[in-house]
Amino acid sequence: MMVAHPLPLLAILLQLLLSCLPALGYSNRFFYQDILNGNGNGEIHFNGVKLHVDSSQPSMFALRGSNATLSCRYWYEPELSSPRRVRVKWSWLPVMGGHETDVLVAIGPRIHSFGDFRDRVYLRQDSPGDASLVMTELQLNDTGRYRCEVIDGLEDKSATVDLELRGVVFPYQPPHGRYNLTYHDAQQVCQEQDSTLATFEQLFQAWEDGLDWCNAGWLADGTVQYPITKPRSPCGGLGLAPGVRSYGRRHRHLHRYDVFCFSSSLRGKVYYLQHPQKLNLTEAQQACLNDGAQIAKVGQLYAAWKFMGLDRCDAGWLADGSLRYPITNPRRNCGPMEPGVRSFGFAPPHHKHGVYCYSAVVVFPYQPPHGRYNLTYHDAQQVCQEQDSTLATFEQLFQAWKEGLNWCNAGWLADGTVQYPITKPRRPCGGLGLAPGVRSYGSRHRHLHRYDVFCSSSPLRGKVYYLQHPQKLNLTEAQQACFSNGAQIAKVGQLYVAWRFMGLNRCDAGWLADGSLRYPVTNPSRNCGPLEPGVRSFGFPPPYQKHGVYCYSAGMQ
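Residues numbered from 1 in each chain as written. Predicted model: local features only at pLDDT ≥ 70, side-chain atom pairs only at ≥ 80, totals over all residues. Heavy atoms only, no water.

The name given to the chain in an unreviewed UniProt entry is Hyaluronan and proteoglycan link protein 3, with Salmo trutta as the source organism. In its Sequence similarities (unreviewed entry) section, the UniProt entry covering the chain states "Belongs to the HAPLN family." (UniProt positions renumbered as here; feature names shortened; annotations may be inferred.)

*Asks:* How should the overall build of the chain be read in this particular structure?
*Replies:* When helices and strands are counted, the chain shows nine helices and 35 strands. Dimensions of the chain, computed from C-alpha atoms along their principal axes, come out at roughly 110 × 75 × 45 Å. Counting over 557 residues, the chain shows a buried share of 50%. Partitioning the contacts of the chain with sequence separation of at least 6, the portion at a separation of at least 24 is 63%. Of the roughly 27,200 Å² of accessible surface on the chain, 52% is carried by carbon and sulfur atoms. On the chain, the mean spot of the 54 positive side-chain charges and the mean spot of the 45 negative ones are 7 Å from each other. (Helix = DSSP H or I, 4+ residues; strand = E, 2+ residues; numbered from the N terminus. Buried < 20%, exposed > 50% of the residue type's maximum accessible area, 1.4 Å probe, protein only. Contact = heavy atoms within 4.5 Å. Areas by Shrake-Rupley, 256 points an atom, 1.4 Å probe, with all protein chains shown as cover. Lys, Arg positive; Asp, Glu negative; His and termini not counted. Charge placed at Lys NZ, Arg CZ, Asp CG, Glu CD.)

*Asks:* Honestly, the state of the cysteines in this entry has me stumped. Any pointers?
*Replies:* Formally, a disulfide is one covalent bond, and it connects the sulfur atom of one cysteine to the sulfur atom of another. Tallied over the entire structure, the rule returns nine disulfides. Each sulfur in the disulfide pair Cys384 and Cys455 lies 2.0 Å from the other. Because the sign of the S-S torsion sets the handedness, a value of about -85° for the bond joining Cys384 and Cys455 places this disulfide among the left-handed ones. Highlighted residues: Cys384 in helix 6 (residues 377-386) and Cys455 in strand 29 (residues 452-457), separated in sequence by 71 residues. Residue classification places Cys384 among the buried positions, given a relative accessible area of 0%. (Disulfide = S-S within 2.5 Å.)

*Asks:* Even after reading the chapter, I still don't get the sheet that holds strand 11 (residues 155-165), so can you show me in this structure?
*Replies:* Two pairing modes exist for strands in a sheet, parallel and antiparallel, and in both the strands are linked by backbone hydrogen bonds. The six strands lie next to each other as 2-11-10-5-6-7, forming an open sheet whose pairing is mixed. Both edges of this open sheet fall to strand 2 (59-62) and strand 7 (110-113), since each of them pairs with a single strand only. Adjacent strand axes in the sheet meet at a mean angle of 20° when their direction is disregarded. For strand 10 (residues 144-152) and strand 11, the ladder comprises nine bridges, and the chain directions are antiparallel. Across the sheet, residue Tyr146 finds its bridge partner in strand 11, namely Val161. (Pairing = 2+ DSSP bridges. Axes fitted to C-alpha atoms, helices over the stretch in contact; angles between N-to-C directions.)

*Asks:* Got a minute to help me understand the sheet that holds strand 8 (residues 121-123) in this structure?
*Replies:* Taken in spatial order, the three strands make up an open sheet running 3-9-8, and their pairing is antiparallel. Looking at which strands have only one partner, the edges of the open sheet turn out to be strand 3 (68-70) and strand 8. Recorded for the sheet is a direction-independent mean angle of 25° between the axes of neighbouring strands.

*Asks:* Which parts of the structure should I look at to understand the packing of aromatic side chains?
*Replies:* Where two aromatic rings form a pair, the distance of their centres and the angle of their planes describe that pair. Taken as a whole and assessed by the stated rule, the structure comprises 25 aromatic pairs. Aromatic pair Phe200 and Phe204: ring centres 5.9 Å apart, planes at 35°, arrangement tilted. Pair noted here: Phe200 and Phe204 are both in helix 3 (residues 200-208), with a separation of four residues, about one helical turn. By relative accessible area, which is 30% here, Phe200 ends up partly exposed. Ring centres of Tyr466 and Tyr550 lie 5.2 Å apart, and the angle between their planes is 65°; this geometry places the pair in the edge-to-face category. With Tyr466 in strand 30 (residues 463-466) and Tyr550 in strand 35 (residues 548-553), this pair connects stretches of sequence that are 84 residues apart. (Phe/Tyr/Trp six-rings, centres within 6.5 Å; stacked < 30°, edge-to-face > 60°.)

*Asks:* Any chance you could explain unusual backbone geometry here in plain terms?
*Replies:* Only a minority of non-glycine residues have a phi that is not negative, and only a minority of peptide bonds are not trans. Residue Pro78 follows Glu77 across a cis peptide bond; omega there is -10°. Following the sequence through the fold, Pro78 ends up in the loop between strand 4 (73-77) and strand 5 (87-94).

*Asks:* What is the right way to read the pairing of strand 12 (residues 168-172) from this model?
*Replies:* Both faces of the sheet carry side chains from a regular strand, because those side chains alternate between them. Among the five residues of strand 12, five are classified as buried, and the element is accordingly described as predominantly covered. Residue alternation in strand 12 divides its side chains into two sets, Val168, Phe170 and Tyr172 and Val169 and Pro171, and both sets are buried. Alignment of strand 12 against strand 17 (residues 258-263), held across five bridges, turns out to be antiparallel. Its bridge partner lying in strand 17, Val168 is registered against Ser263.

See the structure below:
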């Protein structure tokens, strides 16, 4: 009597089982029968071949808003003579615990991303066996452990990568006083301050960097701890060595403490508003709005202090009603002789103080290819949209003028007025007798009158870069070169944002999507135009001319 080989029977049973899954509500859209490799009869042949999965970088650090590539590679021993169709699955275990959730599943060219990761992740696939995950526009809550799982038939191997964001940890106590936050309150107040709950690892690093705080606060894992660099009686006693003191895990609904929040890098700018008089809290909020910005949050101020060296010895209102100021260069009359963000707590809202504002837009003038003063209001809306931007408001233009924008051509703004900013008065631009300022033509007819336009762009979800290509390209070749590089030719608004917020500095003119030729300079030098930062323009050359090109990738590190 012949005995059937067990493998074909096992494969058939597996296929029958999986065929029932749609009826049970299984909605992953990727099934194991998609990856059963063999001779067409459902047989799976490995014959001693072993599947390996590994990560060359089991842990990595990144900044919020940036992109990251989590390495993962799979291979076979001995090497296969022909490729096999495998299923690659990335999942994520949040740093604060909970269930592992799906990030991405792929079978060959078929890729599906999930939840908050949708449209922010893809597989790099630079070479055979490359299953590395590219993550774009990193968010504060992306910290955690990522699992790369490769499935080939019944073989299943995996590797993990720990992702940590670099940033700054700060203690936070709400307006209603010390030890008033449950765990869920703590999550909410950190989120309100443009931050998230700190992890123990982040707090430990902050302690190593000198953070000393005697009030206990929640961490992401539900423990309550506090960092001490200078032991003293009220903070565990003089007899204990410096370290991070722990109360252990506490009840998330019943127990109340302060909190340690974590903020990563900014995509905008925090600044102390130069205002003719001091302001109460309501006036401070409005003053930032009038300046084309918003009143800054605590996490934004800490990030500006940590990453941008913000140093100001003037106390100012923040969005939560607290009064703080950042010091990177300690000096007399500015608090302790060590760097930090000083706090005066929560002053009565009617008191008069300065204010810190936060702005995350860049304003740029735009003139279309067919020449100066050719846009109706609705044309202006459309060309800004085509350049990945929107019509600038007067407040945004005013802030750009304060930062040095000088442009003699009048342009539409969002409110239907036509204006232009002048920092250096001259004859063709209102005359030498007028002071610097934003010149206005007032409201104009939106259908009949024609001008240029001022557009505004916010931080990008990807990266702009100058394409390293062996030869110069005409416009059509430039578009194709970016496409062949897994990207698109960059738009004007994207180039301005990369210059303004990402420090893109390149002295090579390159094609952009509208057919213009530009290049960004953050560090002015000889032979790169005027000795001031900006985006230089060569207008719209004939499309057959040969130049470089700037590309934009939504998923490039």
